[in-house]
Amino acid sequence: MIIDFSPLELKYRYKIMSRSIIPRPIAWIVTEGKTLNIAPFSYFMALSSNPPTLIVSIGHKKDGTQKDTLKNILQTKKCTICSVTPDQITQMHASSESLPEEVSEAEAFGIATKRIVEDFPPIITDSPSAFFCELNQVVDLSGSKTIPLIVEIKKYYIADNYFDPNYNFELDLVARVGREYRLCNKKIEP
Ligand SMILES: Cc1cc2nc3c(=O)[nH]c(=O)nc-3n(C[C@H](O)[C@H](O)[C@H](O)COP(=O)(O)O)c2cc1C
C-alpha cells in the first residue's frame, strides 16, 4: 500500500512518522526566560558531528503563541539539553504540561536543577548527561508554525559514574516510540 501524505490528516502523519522513525530520543530542554523553563521534545535528532549539531522542532501553543522553550532559545540563543532515565519519566512527562510563561516547571513539578556551567542554563540534577548548546540557525519550513532549530554543542556533561576515559560509556536512556516510552539499548549483532 502506498499512502499519499498531502491529503492525510495531521494525526495520521504523526502516527506514521512516530511509529516508523524509531526510537526518537527525548531532549529534555532547560531554558531561561521569565523563569526557568523545562520541557521535553522528541522531534529531536543528531545532525552532524562536525560541526557538532542537533536539531529540534518546536511548535506553537494552542493559543498560537510560541512555546516558552522556542521563545527563550530565540531570545537567549542558549539551551541545555538533558537526557532522561527511566526514574525520571514521571517528572519528564509532567513537564510537558503547558504552563504560563511565568511559572517554572522546575518548581511546579519539583525538578531539581543545578548550574554547573556559568553561561548556560542549569542541568536537571539527576540527568546523567547534558549538552550545553547555542543556537546555530532557525529553519523555515515554508512558514510553518513548527520551527526546527539547529543548535551547536559547546560543552557536554556526563556524570562521573558513567564517564569512561575512552568515551565508551553506555547510558540507559528513555526514548519514544509512537507515544510510548521505551528503553532502547538492547544490543544485537549484524
Ligand atoms: C515526550 C514528549 C515529546 C514531545 N515532543 C515535542 C516536540 O518534538 N515538539 C513540540 O513542539 N512539542 C513536543 N512535546 C510537547 C511539549 O513538551 C509541550 O508543548 C510543552 O508544554 C512545551 O513547553 P514550553 O511551552 O514550556 O516550551 C512533547 C511532549 C512530550 C511528553
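Per an unreviewed UniProt entry, the protein goes by the name NADH-FMN oxidoreductase RutF, flavin reductase (DIM6/NTAB) family and belongs to Nitratiruptor tergarcus DSM 16512. Quoted verbatim from the Sequence similarities (unreviewed entry) field of UniProt, the annotation for the protein is "Belongs to the flavoredoxin family." A UniProt comment under Cofactor (unreviewed entry) is attached to the protein, and it reads "FMN".

(A) Representation of the overall build of the protein within the structure. Along its length, the protein carries 4 helices and 12 strands. Relative to the 2.2 N^0.38 estimate, which gives 16 Å for 190 residues, the radius of gyration of the protein is 17 Å and therefore close to what a compact globule would have. Expressed along its principal axes, the backbone C-alpha trace of the protein runs to roughly 50 × 50 × 35 Å. Taking all 190 residues of the protein together, the buried fraction comes to 38%. If you take every contact in the protein between residues at least 6 apart in sequence, the share linking residues at least 24 apart comes to 60%. Split by element, the accessible area of the protein, about 11400 Å² in all, is 52% carbon and sulfur.

(B) Structural detail: a nonpolar patch on the surface. A cluster of nonpolar side chains, contributed by Met-1, Ile-3, Phe-5, Met-17, Ile-21 and Tyr-43, occupies part of the molecular surface with about 620 Å² of accessible area. The topology assignment puts Phe-5 in the segment before α1 (10-20).

(C) Geometry of the site of the ligand. Looking at the ligand, there are 20 residues lining it, with Pro-40, Gly-59, Lys-67, Thr-69 and Ser-96 nearest. Separating an oxygen atom of the ligand from a side-chain N or O atom of Asn-37 is a distance of 2.8 Å. In the complex, the protein chains occlude 88% of the 650 Å² of accessible area that the ligand would expose alone. Among the secondary structure elements, those contributing two or more residues to the shell around the ligand are β3 (36-41), β5 (52-58) and α2 (68-76). Examining the composition of the shell around the ligand, we find that 4 residues originate from one element, β3, more than from any other. Taken together, the residues that form the shell around the ligand break down as 6 nonpolar, 8 polar and 6 charged.

(D) Representation of the nonpolar core in the model. Ranked by size, the top nonpolar core spans 19 residues in total, and within it Trp-28, Ile-38, Cys-82 and Ile-124 carry the most contacts. Looking at this core, the elements with two or more residues in it are β2 (27-32), β3, β8 (123-124) and β9 (129-138). Not counting residues up to four positions away in its chain, the partners in contact with Ile-38 are Trp-28, Ile-29, Val-30, Ser-95, Glu-105, Ala-106, Ile-111, Thr-113 and Ile-124. In terms of nonpolar packing, the next biggest core, distinct from the first, is built from 18 residues, Val-56, Ile-58, Cys-79 and Val-151 among them.

(E) A look at the side chain of Gln-88. Turning to its location among the elements, Gln-88 is positioned in the loop between β6 (78-82) and α3 (89-94). Since its relative accessible area comes to 4%, Gln-88 is described here as buried. Separated by 3.2 Å, the side chains of Gln-88 and Ser-127 make a polar contact. Excluding residues that lie within four positions of it along the chain, Gln-88 makes contacts with Trp-28, Ser-83, Ile-124, Asp-126, Ser-127 and Pro-128.

Calculation rules
- Residues numbered from 1 in each chain as written.
- Predicted model: local features only at pLDDT ≥ 70, side-chain atom pairs only at ≥ 80, totals over all residues.
- Heavy atoms only, no water.
- UniProt positions renumbered as here; feature names shortened; annotations may be inferred.
- Helix = DSSP H or I, 4+ residues; strand = E, 2+ residues; numbered from the N terminus.
- Rg over C-alpha atoms; globule rule 2.2 N^0.38 Å.
- Buried < 20%, exposed > 50% of the residue type's maximum accessible area, 1.4 Å probe, protein only.
- Contact = heavy atoms within 4.5 Å.
- Areas by Shrake-Rupley, 256 points an atom, 1.4 Å probe, with all protein chains shown as cover.
- Patch = residues over 30% accessible without salt bridge, like charges linked within 9 Å, V, L, I, M, F, W, Y side chains within 5 Å.
- Salt bridge = Lys/Arg side-chain N within 4 Å of Asp/Glu carboxyl O.
- Near = heavy atom within 4 Å.
- Polar contact = N/O pair within 3.5 Å; in protein donor to acceptor, adjacent residues only side chain to side chain.
- Nonpolar A, V, L, I, M, F, W, Y, C, P; charged D, E, K, R; others polar.
- Core = buried A, V, L, I, M, F, W, Y, C linked by side-chain atoms within 4.5 Å.

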